[in-house]
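Analysis of the macromolecular model
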Amino acid sequence: MAMDCKNYDFQKIEPFWQKKWLANQTFHAECLSPAEKYYVLDMFPYPSSMGLHIGHPEGYTASDILARYKWANGFNVLHPMGWDAFGLPAEQHAIATGQHPSINTAINIERFRTQIQSFGFAIDWNREVDTTNPHYYRWTQWIFLQLFKHGLAYVDDKPVWWCPELKSVLANEEVINGRSERGNFPVERKNLRQWVLKITKYADKLLDGLEDIDWPNSTKRQQIAWIGRSEGLEIDFEIIPGGSKIPVYTTRPDTIFGATFLVLAPEHELVEQTTTTENQEKVQEYIRNTKKKSDLERTDLAKEKSGVFTGSFAKNPFNGEQIPIWIADYVLVSYGTGAIMAVPAHDERDFEFAQKFNISIKQVIAPPTSENSGENENPENSLFYKNNLPFCGDGILVNSGKLNGSTTEEAKKKIMQQAEQCGFGRRAVKYKLRDWLFSRQRYWGEPIPILWIERSLYDRALTEKKTYFLDLVPHIAVSYKKNNVEWCAIPLMDNQLPLKLPETNIYLPSDDGESPLVHAKQWLNVFVNPSTGEISAEPQMGFIPAIRETNTMPQWAGSCWYYLRYMSPHYEEGLVDPQAEAYWKSPDFYIGGAEHAVLHLLYARFWHLFLYDIGAISATHEPFKKLFHQGIILGNDGNKMSKSRGNVVNPDDIVQQYGADSLRLYEMFLGPLDAMKPWSTQGIEGVYRFLKKIWALYIDGEGKVKKFLAEDNATIDRLLHETIKKVTEDIEKLQFNTAIAQMMIFINGAQKIGISRQTAVVFLQLLAPFAPHIAEELWARLGENFSVSKIKWPTYDPSKLATDQVKIILQINGKMRDEIAVNSSATQEMVEEIAWKQSRFMTFLSGKKIVKKIYIPGKILNIVVK
RNA sequence: GCUCAAGUGGUGGAAUGGUAGACACGCCAGAUUUAGGAUCUGGUGCUGCGAGGCGUGAGGGUUCGAAUCCCUCCUUGAGCACCA
């Protein structure tokens, strides 16, 4: 017992039990316990200076209910918490104050931990992880080096998204409608040397893996769309005059006879070759204009198509037709072959373009009609369909020579076959997914554990085979050229990890894409012994000059594998203890916001699949078997909570005023867990009253346990078993709102009728996952053993649910007219006999002719009349 | 524009083919109280004196029976947005 308080004094009760759970390590997850494991994972928070948001405890409470429920069912539960602590706000604070970001980060973590502990979650605090701790990021760096060694990390200086405001590059996934995902600042294209991870190599595995995991459909769909796999045909068109070939990519080879022009992207390498002398000027001007446009303009001004004719023609290899070659910026150089065959009759974009530039439109697909299956199609009579162009669906081929009458599906097959046989085309698979841009020009991130040395020294070390990095570098060297010197990347050795961030007082990146780490000159320029890997700050015999990589990793790096670290957070021999990994495998339940659908959740799956492939882990291919997104909690006014709207609810205030149990209960009672729902300041009163009612049912005005009934009456007995059933089933289905409603029904009944001591005990077990503090307190006052969350979960007795009397609804033409109570074993004849005696029911039947009777045993008797 | 999801009292929501509105908020009345607060009891979809009638975004359909299944439209939310 916490205190001998008389009233429901949550301010005394809650901290007492929180301390007790911590001190007793009540929720410590024992690795390799003989019990079956259950791993509940929350998306770990970024510890911002704003403190915890009211949305945080929503997901955390849901996972906590599950964790406590599983403990009570005999599972060995892993429910950890940690900090995704690298990130921009801490760095911006450092820039503003000149203070090292680790100081502020530590303060914020402290505050988050205190806040999270004030909710009484059954977390194993021994397993806390912090992505900014060198003991942690040592292994983030180690994973990077594995990716490097396997040729999945390389440098590139293609155009990348650059955000001038953040002074950093961003990944494709971090750019939304031409603005940064964080901060909503405009971004532009810039050529910079950057580290890139070859996530595209895992495109198919990332796609296939989605099939056997239990995730929200919308999230799966988003990942599928992001990967954007398509199957099609690459077809070579011959340039007239000239004779060289332009490969185009299409997913609709069946429309090949409808191609009336060909379009090159403005950046396409054959632009110069295809442009005739008299069109030179116009084409160059068009390309100049395109370059001036930002990517935002180029994609956002989708309304009006633009383009220019090159003067050349291309020969359609299927029918020998010559079609004009145009240049237009609606074709992207980075997708497919950067060139398309345009079929205006069956593609909206091509249609729009053809209309604007007066290019002919030729229909080759007729929409399928219900009556004919293609045989009666009259190719000459296609005028009828012209009004409906462009028609982009599947149909029947017309105007396509011997393919006329084929379906889209048949025609695709035939044309692909023909193209491959004749050698002017080949099947191809394309993806929208691009490689993951992995470096950032920031201070507050994991340093990339790479040294750069000159090419000749690199080659010499490898040919002489007397070097530590012989097996640690990819087959093809990762290199770049600057001022005519070529630099090659070599890794640090495992025992040189973690590569810690150097001390500096300059945290601001430069305007031209230089990381603040370049200012740490001592750290930056070193000497390395190529045979031993030894690093020295001073030149030495046998050492060669090297420069450290100055970019850091993006914030997503640390969160890609934290769920593995929780399994053995103090293990020093590897990222995860193989025994722990074999036992815990992967999270059984993962809950977090839907905003990470294509960022964290795609990156983490990529790393997991990779780690599995290289044998670093071995239990599962996919990291997150079951995923759930909690809904957003809106402000009182139905709008998103924001400082500017003044509708922000601070969880600390709620805990202060109503207690953590009320907050937990209320957030779960608001509505379905995945729904977006508005906070109501008045609404929380309801659950608070519920808790006070429970208190009053157990404890008298003197703070003593009340006298319970010697025995339950039948109504309460049935209600208890109904409640056990409903609460148990609803927890399994994550329908916490209705589970709480059922407990309220129980308490309302208990208040009227009274309950036995045994029933009072069982109810506390049901309540404990939702409101653990009050449940633990009353449990202790009843003299039961600590802890209520570790006692075997109650089961219901089905025989108690059966009743000897059932209610039958009497309907006429499906409308409820009366109800009767009958013996539960009553037959239809017996029910009818009683029904016919009901005067109210009979008044509805009088003068009507009975057509049919429908009887659903135990539920309904419906009389159909005329 | 395309794709997906969802529309139920004054409010949050319950019911996924069988009594629409569980549970809760709010509101009304009463009890207790010097008063307020707290607590307890009863009521509360709309309409009608009543029997009853109407009612789940709108319209249509399937069914003995539809909030639930199907079609069309409207609204809201989410995602994608020249990916050929």
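Residues numbered from 1 in each chain as written. Chains lettered and ligands numbered in written order. Predicted model: local features only at pLDDT ≥ 70, side-chain atom pairs only at ≥ 80, totals over all residues. Heavy atoms only, no water.

Per the secondary structure count, chain A includes 29 helices and 35 strands. Each principal axis of the C-alpha distribution contributes one length, and for chain A these read about 100 × 90 × 50 Å. Across the 866 residues of chain A, 55% fall into the buried class. When contacts within chain A are restricted to residue pairs at least 6 apart in sequence, long-range pairs at least 24 apart make up 73% of them. By element, 50% of the accessible surface of chain A is carried by carbon and sulfur atoms, the whole surface being about 38900 Å². Of the charged side chains in chain A, 97 are positive and 104 negative, and the gap between their average positions amounts to 4 Å. (Helix = DSSP H or I, 4+ residues; strand = E, 2+ residues; numbered from the N terminus. Buried < 20%, exposed > 50% of the residue type's maximum accessible area, 1.4 Å probe, protein only. Contact = heavy atoms within 4.5 Å. Areas by Shrake-Rupley, 256 points an atom, 1.4 Å probe, with all protein chains shown as cover. Lys, Arg positive; Asp, Glu negative; His and termini not counted. Charge placed at Lys NZ, Arg CZ, Asp CG, Glu CD.)

On to the protein's contact with RNA strand B, then. In the vicinity of RNA strand B lie 51 residues, with R221, T251, R349, K432 and N862 positioned nearest. Sugar plus phosphate, as a fraction of atoms of RNA strand B within 4 Å of the protein: 69%. At 3.0 Å, a backbone N or O of L332 approaches a base nitrogen of RNA strand B. R434 is positioned such that a nitrogen or oxygen atom in its side chain is 3.1 Å from a base oxygen of RNA strand B. In terms of residue count, helix α24 (residues 736-753) provides more of the surface near RNA strand B than any other element does, seven residues in total. Taken together, the residues of the surface near RNA strand B sort by class into 20 nonpolar, 15 polar and 16 charged. (Near = heavy atom within 4 Å. Polar contact = N/O pair within 3.5 Å; in protein donor to acceptor, adjacent residues only side chain to side chain. Nonpolar A, V, L, I, M, F, W, Y, C, P; charged D, E, K, R; others polar.)

Turning next to helix α7 (residues 217-227). For α7, the complete set of buried residues consists of T219, K220, Q223 and I227. Buried residues of α7 fall within an arc of 100 degrees about the axis and therefore sit on the same side. Among the exposed residues of α7, those oriented more than 90 degrees off its buried face are N217 and R221. Summarising the contacts, the buried residues of α7 are in contact with α6 (203-209), α19 (600-613) and β29 (627-628). G228 lies just past α7 and shows a positive phi near 55 degrees. (Arc of directions from axis to C-beta.)

Buried residues dominate strand β24 (residues 485-491), accounting for five of its seven residues. Bridge analysis of strand β22 (residues 450-454) against β24 gives five bridges, and the strand direction is antiparallel. Residue pairing across strands places I453 opposite C488, the latter belonging to β24. The sheet contact formed by strand β23 (residues 479-482) and β24 spans four bridges and is antiparallel. Looking at β24, one finds that K482 is bridged to V485. Joining the antiparallel neighbours β23 and β24 is a turn of two residues, in which N483 adopts a positive phi near 50 degrees. (Pairing = 2+ DSSP bridges.)

All right, on to unusual backbone geometry then. Between L497 and the following residue, P498, the backbone shows a cis peptide bond with an omega angle of -5 degrees. Mapped onto the secondary structure, P498 falls in the loop between β24 and α15 (521-524). The backbone of N184 shows a phi angle near 60 degrees, a positive value even though the residue is not glycine. Residue position: N184 is located in the loop between β9 (179-180) and β10 (188-191). N184 gets classed as partly exposed once you look at its relative accessible area, which sits at 48%.

The subject of this paragraph is the sheet that holds strand β6 (residues 159-163). With antiparallel pairing, three strands are arranged side by side in an open sheet as β7-β6-β10. The two strands at the open ends of the sheet, each matched to only one other strand, are β7 (168-170) and β10. The average undirected angle you get between the axes of adjacent strands in this sheet is 55 degrees. Of the pairings in the sheet, the one linking β6 to β10 comprises four bridges and is antiparallel in character. Counted as the bridge partner of V160 is K190 from β10. (Axes fitted to C-alpha atoms, helices over the stretch in contact; angles between N-to-C directions.)

Right, let's talk about the sheet that holds strand β2 (residues 76-78) for a bit. As summarised here, the arrangement of the four strands in space is β2-β1-β28-β29, forming an open sheet in which the pairing is parallel. With one partner strand each, in any of the chains shown, β2 and β29 form the two edges of the open sheet. Where strand β1 (residues 37-42) meets β2, three bridges bridge the pair, whose relative direction is parallel. What sits directly across from Y39, in β2, is L78.

Position of T255 relative to the elements: it lies in the loop between β13 (245-250) and β14 (261-264). Every residue in contact with T255, bar those within four places of it in the chain, is listed here: M341, V343, H346, V364 and I365.

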